[in-house]
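# Topology and contacts: notes
Chain by chain, the residues run as shown.
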Amino acid sequence: MIYSNDDVIQGFDEELRYLNLLSKQFPTIASACTEIINLQAILNLPKGTEHFLSDIHGECESFNHVIKNGSGNIKRKITEVYGDTLSEKEIKSLATLIYYPEQKLEIIHKQEEDIEEWYRITIYRLIEISRKAAFKYSRMKVRKALPEEFAYIIEELMHRGPEEYDKEEYYSGIIKAIIKIGRADEFIIAMSKLIQRLVIDRLHIVGDIFDRGPGADVVMDTITKYHSVDIQWGNHDVLWMGAAAGSVACIATVLRICARYVNLDTIEDGYGINMLPLATFALEFYNSDECASFKPIVESDKIYTDNDLKLIAKMHKAISIIQFKLEGEIIKRRPHFNMEDRLLLNKINYSEGTIELNGKTYSLNDKCFPTINPDKPYELTQEERELMEKLKSSFLNSEKLQKHVRFLFSNGSMYLKFNSNLLYHGCIPVNDDGSFKKVKIGSSGKYYSGKSYFDRLEILVREGYFHINNPEARLYGMDITWYLWTGPDSPLFGKDKMTTFERYFIDDKETHVEKKSPYFKLEDSEKMCRMIFEEFGLNPEVSHIINGHMPVKLKSGESPIRANGKLLVIDGGFSRAYQKATGIAGYTLIYNSYGLLLVSHDPFESTQVAIEEEKDIHSTTMVLEKEVERKRVRDTDDGEKLIAQIKDLEMLLDAYRIGLIKEQR
Ligand SMILES: O=P(O)(O)OC[C@H]1O[C@](O)(COP(=O)(O)O)[C@@H](O)[C@@H]1O
Ligand SMILES: [Mn+2]
């Protein structure tokens, strides 16, 4: 490009304006120099530890445990400090205390005879471990992580160097004082939480927080409070986001899944949404119907009475039928979704109780459709419409749900590029030959593929929730959000169809098949991965794709590592309902300064057992990649930003030195 004199002058003006602004923050040569030195020092620190989790599916107890133990990271730190001096039992005890300080302290108070001695030893140990965990951060960063109440004391205690051992008395004086004034418990709790926080620098959740398990709302509470987190939306997450936006098809589906897994507590207690209207409706229209195919799946330890389960089966069927009707409305108003094959209610012969699919007639195992008018099978009855209005208003007015969903919008996205890794939940639509599939979006008929497809979808999902001034755009956004849940070219779903109707109503399993996108056949193809890295602007030599969504069936010999380590699938089945197939209870991934570790977890018994019996989740760690040289902050995305900041500051220094900008003293 050839620049004109004017361009040069304009560029110079802008630079000068920027440097003037910067000089407000660093008004002297000395202050700019100090900042450069600080930033340089940070660049040389080891890279912070990243923690990847996916497909939590409401399993709040195992999730919280893995978050607390940092996928074994806390145990590793304890072993590094005390491996030679403490017994396995003592290490376990210390680990349990750090994971569950409040609950563990309660037990200690009942058991310990000399509590003061215990406090003293424990506080010393916690200080040593926190020092180890904080080692790779700048003091500033550690300071920010400190609990306000004890910030000064902890900083004093943590930064004692070996050369300061004569200060021993000073430090033991502090610890004694903490015990004497009766703040030891609070101090131990604060230290434990600090350690939990320091071992993980960044948490990535590769989708599917919601559905099936009992406590997605509890998981969301933890996530919203976490110090540094991002989420790549999964198909189940967008379903809830669509419901919170007011899409009635999404609301019906959310409720169907909650009824299917007897998980209405999440709706009622978690989000304060009243289920009475659905229960009353179900009793009115399905009272004499046994709803045999809709018996809920009981995976939790909670005991339900027969009557409870009978009522839930009726609610389950009632909301499923409403879901099929509402889905039909979307499919008909959006022909470019290409989902006409999912219009099934009009293929039913209501008097015979059969359905015709692909030229074959199947008998329905349930022939009772009290709310369907065979001439207009997609039309909601007056009562169904009123019910959905009530439910919609409850979803829109649930403060907690709206707060959680807003968090998914602010901290989440369709995909994320982070330190040379590309994270997304499901897949990228590709053709059989591995080339990116072009998909039509919107009535304008524009085609999108690869990265631009993801970007466009993300804008539309956001419009579905936020575009309140434009009802048409909002409705389209909501429909796209629903499409992401179940559409044939949805990157979050990745299958040709969701055979929900067939699974309930037809016994013949050949109708239940959901064909996976060609992406999943090509997952082992390095060529496809390289093409994806290039599309997303990543270096194919060093990058990884990280996916969730498809449970890795370890039992049947599947491996989470694909395409020579370029692609990793970390859905190991936190979901209890899927553990029979996977054989484990989930994979998590750790990316620290030494490399990439894949951790597979055995099923987690319960928080109670973890505390009382000091039983940690049993995990196996596998080193996937070991760095030849320890990775530093300078090698990360944050490092890149810091290097750019240093460059700017150096320019400011030059400007001061040649008198272009005056120091302000
Ligand atoms: O086993 P369930 O809970 O009935 O769900 C089955 C449905 O869930 C899906 O697997 C989608 O959920 P996932 O994203 O968790 O895989 C559908 O493909 C399938 O129809
Ligand atoms: Mn999924």
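Cut-offs and rules
Residues numbered from 1 in each chain as written. Chains lettered and ligands numbered in written order. Predicted model: local features only at pLDDT ≥ 70, side-chain atom pairs only at ≥ 80, totals over all residues. Heavy atoms only, no water. Patch = residues over 30% accessible without salt bridge, like charges linked within 9 Å, V, L, I, M, F, W, Y side chains within 5 Å. Areas by Shrake-Rupley, 256 points an atom, 1.4 Å probe, with all protein chains shown as cover. Salt bridge = Lys/Arg side-chain N within 4 Å of Asp/Glu carboxyl O. Helix = DSSP H or I, 4+ residues; strand = E, 2+ residues; numbered from the N terminus. Buried < 20%, exposed > 50% of the residue type's maximum accessible area, 1.4 Å probe, protein only. Pairing = 2+ DSSP bridges. Expected span 1.5 Å × (residues − 1). Contact = heavy atoms within 4.5 Å. Lys, Arg positive; Asp, Glu negative; His and termini not counted. Charge placed at Lys NZ, Arg CZ, Asp CG, Glu CD. Phe/Tyr/Trp six-rings, centres within 6.5 Å; stacked < 30°, edge-to-face > 60°. Lys NZ or Arg CZ within 6 Å of the ring centre and 35° of its normal. Right-handed = clockwise from strand over helix to strand, strands pointing away. Domains from an automatic or database assignment. Near = heavy atom within 4 Å. Polar contact = N/O pair within 3.5 Å; in protein donor to acceptor, adjacent residues only side chain to side chain. Nonpolar A, V, L, I, M, F, W, Y, C, P; charged D, E, K, R; others polar.

A cluster of nonpolar residues, F12, I658 and L660, forms a patch on the protein surface that exposes about 320 Å² of accessible area. Tracing the backbone through its elements, the reader meets I658 in the segment after α27 (637–657). Residue classification places I658 among the exposed positions, given a relative accessible area of 67%.

Let's shift gears to the sheet that holds strand β5 (residues 354–357). The antiparallel open sheet is built from 3 strands, whose spatial order is β4-β5-β6. Edge strands, defined here as strands with exactly one partner in the open sheet, are β4 (348–349) and β6 (360–363). Sheet analysis places β4 next to β5, joined by 2 bridges and oriented antiparallel. Residue pairing for β5: I348 is matched across the bridge by I355.

A separate point is α27. Here α27 is 21 residues long and its end C-alpha atoms lie 31 Å apart, about the 30 Å a rise of 1.5 Å per residue gives. G659, located one to two residues past α27, shows a positive phi value of around 80°.

Hydrogen bonds along the backbone pair up the strands of a sheet, which may run parallel or antiparallel. One open sheet holds the 5 strands; their spatial order is β8-β9-β12-β14-β13, and the pairing between them is mixed. Lying at the two open borders of the sheet, with one neighbouring strand each, are β8 (416–418) and β13 (561–562). Bridge count between β8 and strand β9 (residues 421–423): 3 bridges; the pairing is antiparallel. By the bridge assignment, L416 is partnered in β9 with L423.

This part covers the side chain of E59. Inspection of the secondary structure assignment puts E59 in the loop between β1 (50–53) and α3 (60–69). Beyond its immediate chain neighbours, meaning those up to four positions away, E59 contacts G213, P214, V219, F574, S575 and R576.

A contiguous patch of negative charge, built from E112, E113, D114 and E116, is present on the exposed surface. Mapping E113 onto the fold places it in the loop between α6 (101–111) and α7 (115–134). A relative accessible area of 82% places E113 in the exposed class.

Moving on: the packing of aromatic side chains. Scanning the model with the defined rule gives 24 aromatic pairs in all. Among the aromatic residues, those joined into a ring-pair cluster are F294, F324, Y350, F369, F501, Y504 and F505. Over the face of the ring belonging to Y591 we find K47, whose NZ or CZ atom lies 3.8 Å from the ring centre. Over the face of the ring belonging to Y82 we find R125, whose NZ or CZ atom lies 5.9 Å from the ring centre.

With that settled, consider the side chain of H404. Locating H404 in the fold gives a position in helix α19 (residues 399–411). When sequence neighbours within four positions are dropped, the list of residues in contact with H404 reads D217, M220, D221, T224 and Y271.

The subject of this paragraph is the pairing of strand β3 (residues 229–232). Residues V229 and I231 of β3 are buried on one face, and the alternating residues D230 and Q232, pointing to the opposite face, are buried as well. Pairing of strand β2 (residues 202–205) with β3, which is carried by 3 bridges, proceeds in the parallel orientation. Bridging across to β3, L203 finds its partner in V229. Chirality of the crossover, the property in question, places the unit of β2, helix α12 (residues 216–225) and β3 among those that are right-handed. Here β3 runs beside strand β7 (residues 412–413); their pairing, made up of 2 bridges, is parallel. Bridge pairing in β7 places I231 opposite G412.

Hairpin connection from β4 to β5: 4 residues lie between these consecutive antiparallel strands, with G353 at a positive phi of about 75°. Here β5 runs beside β6; their pairing, made up of 4 bridges, is antiparallel. The residue bridging T354 from the neighbouring strand is S363, located in β6.

As assigned here, the protein comprises domain 1 (5–44 + 652–657), domain 2 (50–206 + 548–631) and domain 3 (216–504). One C-alpha centre belongs to domain 1, the other to domain 2, and the line joining them spans 41 Å.

With that settled, the discussion passes to the site of ligand 1. Around ligand 1, 14 residues are found, and the nearest of them are R212, N235, Y261, K495 and E514. Take H57: an N or O atom from its side chain is 3.4 Å from an oxygen atom of ligand 1. D208 is positioned such that a nitrogen or oxygen atom in its side chain is 3.3 Å from an oxygen atom of ligand 1. Coverage of ligand 1 by the protein amounts to 88% of the 470 Å² it exposes when considered alone. Residue composition of the shell around ligand 1, by class: 4 nonpolar, 4 polar and 6 charged. Each of domain 2 (50–206 + 548–631) and domain 3 (216–504) gives at least three residues to the shell around ligand 1.

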